[in-house]
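The residues making up each chain are set out below.
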Amino acid sequence: ADKLRQKEINALANKLATEEIQRQKRRIEQEINDKMQDEHNYPVPKYLKAAFDSGSINIAVTGQAGVGKSSFINAFRGIRRGHPEYARIGSFETTSEPTCYTYRKGNANIWDLPGVGTARFPKATYVQDMGIRYFHVVLLLTADRFTEA
């Protein structure tokens, strides 16, 4: 009777182990599928690919057009007008594509991103199009203050 009981316990334990393995397999397959779908929906933008793969810190400077993103980058880097690495400034959509500037001898890249909420860079797709999720730091510059309303 004891041998029969032990056989039943072993059979039940094997069944439970097999069910747990199947559950874990389904969970892992779902995670892989979710990650593949995520990479499809939010690919690393072409402009960011090399910098993303380089291991450097990538800092995005973003905000609406005309809020002073390029001026901030120049001031942050201590670059003055006339310097070859000076970020062009203007009050209306001066930065028309993501532009990379190095900081601290190449340890970091500061990206001057085009203004959000324009005809070329609408709010609805900006985060995805600019690859915001792939930056280590995102600085959001605004001309207004943030309130709850």
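Residues numbered from 1 in each chain as written. Predicted model: local features only at pLDDT ≥ 70, side-chain atom pairs only at ≥ 80, totals over all residues. Heavy atoms only, no water.

## Comments concerning the environment of Y86
Step number 1: The residue Y86 is located in the loop between helix 3 (69-77) and strand 2 (99-103) in this model.
Step number 2: It is 6.3 Å that separates the C-alpha atoms of Y86 and N74, two residues lying 12 residues apart in sequence.
Step number 3: Every residue in contact with Y86, bar those within four places of it in the chain, is listed here: N74, I79, R80, R81 and Y101. (Helix = DSSP H or I, 4+ residues; strand = E, 2+ residues; numbered from the N terminus. Contact = heavy atoms within 4.5 Å.)

## So, a nonpolar patch on the surface
Step number 1: A grouping of I28, I32 and M36 is seen on the molecular surface, where their side chains present a nonpolar patch of about 290 Å² in accessible area.
Step number 2: By the element assignment, I32 lies in helix 1 (residues 2-41). (Patch = residues over 30% accessible without salt bridge, like charges linked within 9 Å, V, L, I, M, F, W, Y side chains within 5 Å. Areas by Shrake-Rupley, 256 points an atom, 1.4 Å probe, with all protein chains shown as cover. Salt bridge = Lys/Arg side-chain N within 4 Å of Asp/Glu carboxyl O.)

## Description of the environment of H136
Step number 1: Tracing the backbone shows H136 in the loop between helix 4 (123-130) and strand 4 (137-141).
Step number 2: Residues H136 and N109, spaced 27 residues apart in sequence, show a C-alpha to C-alpha distance of 10 Å.
Step number 3: Excluding its chain neighbours within four sequence positions, the residues that come into contact with H136 are S56, I57 and N58.

## Here's the deal with the packing of aromatic side chains
Step number 1: Within this structure, the stated rule accounts for 5 aromatic pairs.
Step number 2: Aromatic pair F72 and F76: ring centres 5.7 Å apart, planes at 20 degrees, arrangement stacked. Here the residue F72 and the residue F76 both occupy positions in helix 3, the gap between them amounting to 4 residues, near one helical turn.
Step number 3: Sitting above the plane of the Y42 ring, R133 keeps its charged end 4.6 Å from the centroid. (Phe/Tyr/Trp six-rings, centres within 6.5 Å; stacked < 30°, edge-to-face > 60°. Lys NZ or Arg CZ within 6 Å of the ring centre and 35° of its normal.)

## Looking at the pairing of strand 3 (residues 108-112)
Step number 1: Most of strand 3 sits out of view: 5 of its 5 residues are buried.
Step number 2: Here strand 3 shows no split at all, with A108, I110 and D112 on one side and N109 and W111 on the other all buried.
Step number 3: Bridge count for strand 1 (residues 57-63) against strand 3 is 5 bridges, and the pairing is parallel. Across the sheet, residue I59 finds its bridge partner in strand 3, namely I110.
Step number 4: Pairing geometry for strand 2 and strand 3, over 5 bridges, is antiparallel. Pairing of C100 across the sheet is with W111, part of strand 3. (Buried < 20%, exposed > 50% of the residue type's maximum accessible area, 1.4 Å probe, protein only. Pairing = 2+ DSSP bridges.)

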